[in-house]
Amino acid sequence: MSSAPAQAPAAAGPRKRPNHGGNGNSDSNNNNSRWIKNKKKTKREKNITECSSEDVLRNDIEALLRSRQEQQPEDAETAPESLPEEGTEMEVEVLDLSSTGDGLAMPRGSRAPHVYVVPFTVPGDTVRVKVFRHVAREKHSVADFLAVAAPSPLRDDARIQCRYFARCGGCQFQMLDYPEQLKLKKRVFEKAYRNFSNLAAELVPPVQDTIGSPLQYGYRTKLTPHFDGPPGSMSRKNRGTARFDKCPDIGFMLKGSRRVMDIEECPIGTEAVNLGMTRERERMQHEYPNYKRGATLLLRENTKRHPKDSPDAPAGELPPYTAKTETDAFTDVKTCETVSKTITTEYIGNYIFQNPAGSFFQNNNSILPVFTSYIRDHILPPSGDTKIKYLIDAYSGSGLFTITLSSVFQRSIGIDISADSIAFARSNATLNGLGEDRCTFIAADAGELFKSVKYDADETVVVLDPPRKGCDGDFLQQLRRFGPRRIVYVSCNVHTQARDVGVLVRGEGEGRRYEIESLRGFDFFPQTGHVEGVAILNRVEQVPETATDDGSVPEASG
């Protein structure tokens, strides 16, 4: 059911335009392109030199324009139309959705090869927008979403559970039915391999359906709201002397702006995390005069588990800012930690993990039992190859895969560049009853991994879970030279994953090459455009060298 044509939640206000120089309609002086190229990247995008959001958007725009061109009669005119002045309000029709989560739109009836990028929209919407910036050389303009003029059949604004939606940049899909979100994320995965793997289509198997999160709201166990410094604090003259005259806005970035939006609660955060946000906001009402500059607040859920028959199980009213969840066997008391080095506890099925509150750990606990079970069920070849005895967990962090997969292997080794993460991985192994005879952890650069490993490659599986920038070339070369029987590549960025998997499948240069067994996405972040990808690869076995009729030896295929 779609919503009636009406005003959608108010969009972000007019954005401050960067000083490009020149007029607003032209990229002739290249200033607009330079601003896009050099704009400040998010923390997630740092160090990603390929497969950036700009690359992803560019591919999607080019695909849409090709599709439109193919639909036009051969003699149709496609001469570029003059672009409206920046700041112009206009109506556009949303034709597709980029893998960035933004709608790709055109004025109705337009044949010009130019696309308007509009957030908070879905294909089929007709929306009113305000043109913010032209990037003519990239054949698109960026526009602010103002209102829905005619909704898509896919849109139902009654589904939206956040009063900040269409202003806060955190979520994109709250107006969509959840199964539709999962379909869109499958398509993101498909496009990633089409655009970035550099593989022939026949080498890429069909992407399987995305596995959804058991919770679509109230799932995030970590949030980091922040606030800007006092007015004038960024100027050299006032640095260190500027003061707040009132409590600053605390929250997340206003979409399309560098201004913090005041947010009292986040519906995708867990109850404990939102209670922690309430507590921190109350604290800041009294302590803001102590701050001379902006800061980020940490909110991390912490769980204390009580068996149902335990005398310590809580009864009656809970302490302030505390939440509780019940299962048949346990009562879990949830609190929110705000100090980075405080140790927090999290349960994944029957496994227990402890980490500093400020460290990285997956932020959707509800999907982790499903996710780790899937990896465990697919870590060995479907043929039931019993020759595989060993696991190498590269980028192991605090031991999530090393520990949850330990029952499958005779021995496992986890490696991470962070000594602190390795220390917690060892502690977590002990918490889960695993000694060094089962799990070993090494603090070292993953690029030096195979110098420390003596496992037989024919008997080894490697799990990769790198940061968003993916694996570097040196590591992939070492991996191919080692040549494990099987690779499971987990990634929070399916675009860099596709690039790296392409390297393994093409197998250029020294080392073994691989073929893709399966590709599947997991929805760790419902209501957003992000999808976690799992790619499973098998080593291509070399053809035995046998003489031909003329006495020559055919070239090996692996």
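All chains use their own residue numbering, which begins from 1 and follows the written sequence. Local features in this predicted model are restricted to residues whose pLDDT is 70 or higher, and side-chain atom pairs enter the listing and the counts only when it is 80 or higher, whereas totals over whole chains, interfaces and linings include all residues. To obtain the side-chain values, all non-hydrogen atoms of the structure were used and water was disregarded.

Explain the pattern of salt bridges to me, please; I cannot follow it from the model alone.
Between side chains of opposite charge, a pair can form when the charged atoms approach closely. Note on definitions: salt bridges are taken to be side-chain nitrogens of Lys or Arg within 4 Å of carboxyl oxygens of Asp or Glu. In total, this model carries 26 salt bridges according to the counting rule given. Two residues, Asp 157 and Arg 155, come together in a salt bridge whose shortest N-O distance is 2.8 Å. The shortest N-O distance in the salt bridge between Arg 281 and Asp 262 comes to 3.0 Å. Of this pair, Arg 281 sits in helix 4 (residues 271-287) while Asp 262 sits in strand 10 (residues 260-262); the two residues are 19 residues apart in sequence, bridging distant segments of the chain. Here Asp 262 falls in the partly exposed class, since its relative accessible area comes to 27%. Taken together, the shared-partner salt bridges connect Asp 458, Arg 512, Arg 539 and Glu 541 into one network. A run of H or I in DSSP becomes a helix once it reaches four residues, and a run of E becomes a strand once it reaches two; helices and strands are each numbered from the N terminus. To sort residues, take the accessible area from a 1.4 Å probe on protein chains only and compare it with the maximum for the residue type: under 20% means buried, over 50% means exposed, and anything in between is partly exposed.

Honestly, the packing of helix 3 (residues 178-196) against helix 9 (residues 494-506) in this entry has me stumped. Any pointers?
Each pair of packed helices gets described by two things: the angle between the helix axes and the distance between those axes. Helix 9 packs onto helix 3 with a crossing angle of 40° between their chain directions and a minimal axis gap of 8 Å. Here helix 9 runs oblique to helix 3, going by the angle between their axes. When the axes of helix 3 and helix 9 are compared, the crossing they make is right-handed. Packed against helix 3, whose contacting residues are Val 188, Phe 189, Ala 192, Tyr 193 and Phe 196, the element helix 9 presents Val 494, His 495, Gln 497, Ala 498, Arg 499 and Val 501 at the interface. Classifying every residue of the contact of helix 3 with helix 9 by side-chain character gives eight nonpolar, two polar and one charged. The angle between two axes is taken between their N-to-C directions and runs from 0 to 180 degrees, where each axis is a line fitted to C-alpha atoms and a helix contributes only its stretch in contact. Reported orientations rely on four angle classes, namely roughly parallel under 35 degrees, roughly antiparallel over 145, roughly perpendicular from 65 to 115, and oblique for the rest. The hand of a helix crossing depends on one turn: near helix anticlockwise from the far one by less than a right angle means left-handed, and clockwise means right-handed. Contacts were defined at the residue level, with two residues in contact if any of their heavy atoms lie within 4.5 Å. Asp, Glu, Lys and Arg are counted as charged, while Ala, Val, Leu, Ile, Met, Phe, Trp, Tyr, Cys and Pro are counted as nonpolar; the rest, among them Gly, fall into the polar class.

In this structure, what is going on with the pairing of strand 2 (residues 103-106)? I would like to understand it.
For a regular strand, side chains alternate in direction, first toward one face of the sheet and then toward the other. By the alternation rule, side chains of strand 2 split into Gly 103 and Ala 105 and Leu 104 and Met 106, which are all buried. Pairing between strands is defined by DSSP: at least two bridges between them are needed. Here strand 1 (residues 89-97) hands over to strand 2 after five residues, with Gly 101 in that stretch at a positive phi of 95°. Bridge count between strand 2 and strand 3 (residues 115-118): three bridges; the pairing is antiparallel. Residue Gly 103 lies in a different strand from strand 3, and its bridge partner there is Val 118.

Any chance you could explain the packing of helix 8 (residues 473-482) against helix 9 here in plain terms?
At a minimum axis distance of 11 Å, the contact between helix 8 and helix 9 shows a crossing angle of 35°. Every pair of crossing elements has a handedness; the one defined by helix 8 and helix 9 is right-handed. Between helix 8 and helix 9, the residues in contact are Leu 476, Leu 479 and Arg 480 and Asp 500, Val 503 and Leu 504, respectively. By residue class, the composition of the contact of helix 8 with helix 9 is four nonpolar, no polar and two charged.

Quick question: what am I supposed to make of helix 7 (residues 419-431) here?
Along an α-helix, residues three or four apart share an orientation, since each turn contains 3.6 residues. The end-to-end C-alpha distance of helix 7, which contains 13 residues, comes to 18 Å, matching closely the 18 Å that a straight helix rising 1.5 Å per residue would cover. Listing the buried residues of helix 7 in full gives Ile 422, Ala 425, Asn 428 and Ala 429. Buried residues of helix 7, seen end-on, are gathered within an arc of 120° and therefore sit on one face of the element. Across helix 7 from its buried face, at more than 90 degrees, point the exposed residues Asp 420 and Thr 430. In this structure, the buried side of helix 7 is in contact with strand 16 (351-356), helix 6 (400-404), strand 18 (411-416) and strand 19 (439-443). To estimate the expected span of a helix, count its residues, drop one, and scale the result by 1.5 Å. By definition, the arc is the one covered by directions from the helix axis to the C-beta atoms.

Teacher, can you tell me more about the UniProt feature "binding site: S-adenosyl-L-methionine" (unreviewed entry) in the protein chain here?
Summarizing the sequence annotation, UniProt attributes the feature "binding site: S-adenosyl-L-methionine" (unreviewed entry) to Gln 362, Tyr 395, Asp 416 and Asp 465 in the numbering used throughout. Following the sequence through the fold, Gln 362 ends up in the loop between strand 16 and helix 5 (368-378). On the basis of relative accessibility, which here comes to 7%, the residue Gln 362 falls in the buried class. Beyond its immediate stretch of four places on either side in the chain, Gln 362 contacts Thr 221, Arg 300, Glu 346, Leu 368, Leu 400, Phe 524 and Glu 532. Under the rule applied, a polar contact is a pair of N or O atoms within 3.5 Å (in protein, one hydrogen donor and one hydrogen acceptor; residues adjacent in sequence only if both atoms are side-chain atoms). Separated by 3.5 Å, the side chains of Gln 362 and Glu 532 make a polar contact. With respect to the helices and strands, the residue Tyr 395 is situated in the loop between strand 17 (390-394) and helix 6. UniProt positions are given in the numbering used here, feature names are shortened, and annotations may be inferred rather than shown by experiment.

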